[in-house]
Amino acid sequence: MTNSLKMTKNQRLQLSWIGKEEEPIIEPRILIENPEYNAGADNSDDILIHGDNLLALKALEHDFSGKVRCIYIDPPYNTGNAFEHYDDNLEHSIWLNLMKSRLKVLKNLLSNDGSIWISIDSDESHYLKVLCDEVFGRSNFIEEVIWQRSYAPINLKKTFSRNHDTILSYAKNKEVVLFNKLERTQEANDRFSNPDNDPRGKWASGPIQVGPRNENRVYKIVTPGGREVLPPAQYCWRFSESKLKELIADNRIYFGKDGNNVPRVKRFLSEVKKGIVPLSLWLRGDVGDNQEAKKEIKVLFKKDVFDTPKPERLLERIIHIASKKGDIVLDSFLGSGTTTAVAQKMGRKFIGIEMGDHAYTHCFPRQKMVTNGEDQGGISKSVNWQGGGGFKFYELAPSLLNKDQYDNWVISKEYNANMLAAAMAKQEGFSYSPNTESYWKQGFSSEQDFIYTTTQFVTVELLDQLNDQLQEGESLLICAKKFQPECANRFGNITLKKIPQMLLGKCEFAKDDYS
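The following paragraphs examine the structure supplied in this document. (Residues numbered from 1 in each chain as written. Predicted model: local features only at pLDDT ≥ 70, side-chain atom pairs only at ≥ 80, totals over all residues. Heavy atoms only, no water.)

Some thoughts on the nonpolar core
Of all hydrophobic cores here, the largest spans 44 residues; its most connected members are Ile73, Leu103, Leu106, Ile116, Leu128 and Leu330. Excluding anything up to four places from it in sequence, isoleucine 116 contacts Ile71, Ile73, Leu103, Leu106, Leu110, Phe136, Leu168, Ser169 and Tyr170. Residues Leu48, Phe364, Ile379 and Phe393 belong to the second largest nonpolar core, which totals 30 residues. (Core = buried A, V, L, I, M, F, W, Y, C linked by side-chain atoms within 4.5 Å. Buried < 20%, exposed > 50% of the residue type's maximum accessible area, 1.4 Å probe, protein only. Contact = heavy atoms within 4.5 Å.)

A short note on the packing of helix H1 (residues 53-64) against helix H2 (residues 92-109)
Helices that pack against each other are described as a pair by the angle of their axes relative to one another and the distance between those axes. In the contact formed by H1 and H2, the axes pass within 9 Å of each other and the chain directions differ by 20°. If you check the angle between H1 and H2, you find them roughly parallel. Considering the relative orientation of H1 and H2, their crossing is left-handed. Contacts between H1 and H2 involve Asn53, Leu54, Leu57, Lys58, Leu60, Glu61 and Phe64 on the former and, on the latter, Ser101, Arg102, Val105, Leu106, Asn108 and Leu109. Split by residue class, the contact of H1 with H2 holds seven nonpolar, three polar and three charged. (Axes fitted to C-alpha atoms, helices over the stretch in contact; angles between N-to-C directions. Helix = DSSP H or I, 4+ residues; strand = E, 2+ residues; numbered from the N terminus. Parallel < 35°, antiparallel > 145°, perpendicular 65-115°, else oblique. Left-handed = near helix turned anticlockwise from the far one by under 90°. Nonpolar A, V, L, I, M, F, W, Y, C, P; charged D, E, K, R; others polar.)

Some details on the pairing of strand E9 (residues 164-171)
Extensive coverage of E9 is indicated by the burial of seven of its eight residues. As paired elements, strand E8 (residues 141-148) and E9 share seven bridges and run antiparallel to each other. Among the inter-strand pairings, glutamate 144 is bridged to a residue of E9, identified as leucine 168. (Pairing = 2+ DSSP bridges.)

Focus: the sheet that holds strand E15 (residues 253-254)
Read across the sheet, three strands follow the order E10-E16-E15 without closing on themselves; strand pairing throughout is antiparallel. Two strands in the sheet have a free side with no partner beyond their single neighbour: strand E10 (203-207) and E15. In terms of strand pairing, E10 meets strand E16 (residues 264-268) through five bridges, oriented antiparallel. The partner of serine 205 across the bridge, within E16, is lysine 266.

Overview of the packing of aromatic side chains
Applying the stated criterion to the full structure yields 15 aromatic pairs. A centroid spacing of 4.8 Å and a plane angle of 85° characterise the contact between tyrosine 37 and phenylalanine 364, whose relative ring orientation is edge-to-face. Here phenylalanine 364 lies in helix H10 (residues 358-372) and tyrosine 37 lies in the loop between strand E3 (31-33) and strand E4 (39-40), a separation of 327 residues in the sequence. Exposure class is identical for tyrosine 37 and phenylalanine 364. Each is buried. Consider the rings of tryptophan 203 and tyrosine 254, whose centres lie 4.9 Å apart with planes at 65°: the pair is edge-to-face. Of this pair, tryptophan 203 sits in strand E10 while tyrosine 254 sits in strand E15; the two residues are 51 residues apart in sequence, bridging distant segments of the chain. (Phe/Tyr/Trp six-rings, centres within 6.5 Å; stacked < 30°, edge-to-face > 60°.)

What about the environment of isoleucine 353?
Mapped onto the secondary structure, isoleucine 353 falls in strand E19 (residues 349-354). Classification of isoleucine 353 by relative accessible area gives buried; the value is 0%. Spatially, the C-alpha atoms of isoleucine 353 and arginine 490 are 45 Å apart, while their sequence positions differ by 137 residues. Setting aside residues up to four positions removed in sequence, isoleucine 353 forms contacts with Ile49, Gly51, Asn53, Ala56, Leu57, Leu60, Asp331, Ser332, Phe333 and Leu334.

A look at unusual backbone geometry
With the exception of glycine, most residues fall at negative phi, and the peptide bonds are largely trans. Following glycine 211, the chain continues to proline 212 via a peptide bond in cis, the omega torsion being 0°. Its place among the elements puts proline 212 in the loop between strand E11 (209-210) and strand E12 (221-222). Note the cis peptide between isoleucine 499 and proline 500, where omega equals 10°. Within the secondary structure, proline 500 is located in the segment after strand E27 (494-498). Even without a glycine there, the phi angle at asparagine 197 is positive, about 55°. By the secondary structure assignment, asparagine 197 is in the loop between helix H4 (186-189) and E10. Judged by its relative accessible area of 66%, asparagine 197 is exposed. Phi at glutamine 234 takes a positive value of approximately 70°, unusual for a residue other than glycine.

Shown next, in the form of structure tokens:
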């Protein structure tokens, strides 16, 4: 295997590896609701999906492109360690291909002001950074957050005991992304005091010297005690001389208890912006660690503790920064279900995808407990979560086409008429929405463009009837197994395509696993 950084013909730096250009063309499958695993309100738009996450992301692409505000994923780290719930021992180039194909679809799902957050460790973080630069654009890189995942050192390690993970954050469009600030903590407020009994209340001081040096703002300041002060070399004063006089008159410049210190500007607690810009170092005391996460999971699942959960407080911080109530939060490596559980508790809409059996053993029961208000761990008490909402559970439909005994592509026998109509609508880029008044209006791509899929033999008579029902300016795509030769080109506003022939070569069929 060869991995390298190279310059392309247009001199763009990118990561190269074996198989990079062999991108699969994913089948856009439909989703089938499994009511047995639904919970809560029947009208909920929140979604859990069981199935291969690349196929599931592709299934979402038509309806959710540009609509997801916050994506968090915790993909396999490719560490060479065996996890009970994940195949995390992927050969390096396979891992890069796994990530690239998913990141490209995830980018399409992000809203223009959305962002993606990816947990990773140092085994792959640097490769992932270059890959994300390529997919999202280097200019859309936001930050590399360091999360303290553990506290105690592992003394059996020969070199370093690693106690952090990295969280890479990228925007869809950094120019328009807008993050929420963190709430001010008591610790931050305690840094304010009022040593001179200013009637405006507590304040903290900041330096008034800034760089680089601007000679127009270099002047002597005489302190109340008579000391003359100049800014340090390479620096100047932050304010003009006239502005400084205004601030001194308003008692907003502090010269120390004896009136001879270098001046500093007051910032009053009552006037500071609500909230704090997040730092890039997230300590376990603020957002939890692996030990806290396992305790949360153990309360929920007693015996079967997921190997690599994330603490709810960590997801709370990400979701708080990157979204607001009502926004869609998505996790396509859902694992134990932490992301969607926290999203629901915080009043966000959610989409969770999990390919393993723990979609049933972890994600579903956990989300149901959240919905019913039975999960009072994690952030529940801090956000006063009492239950509510709901979700629908979906399975991926089987592949639309498979091969018969003669090696010919045929429509899967598992598809009924409604499933076929929905699948053909998705294949052709139409929104599936059967019209109760006109049976042939099964979906639309615009207000006047419709699709009709049928397994019946299409005759000239049927075509004439449909044409009579079309209004001026309307058009119709008919997907059928067979039709009379005379139907072809009979009407300029009706297009006929034959299935399954029309689908061949469009994507990969009969492949269920892209992991």
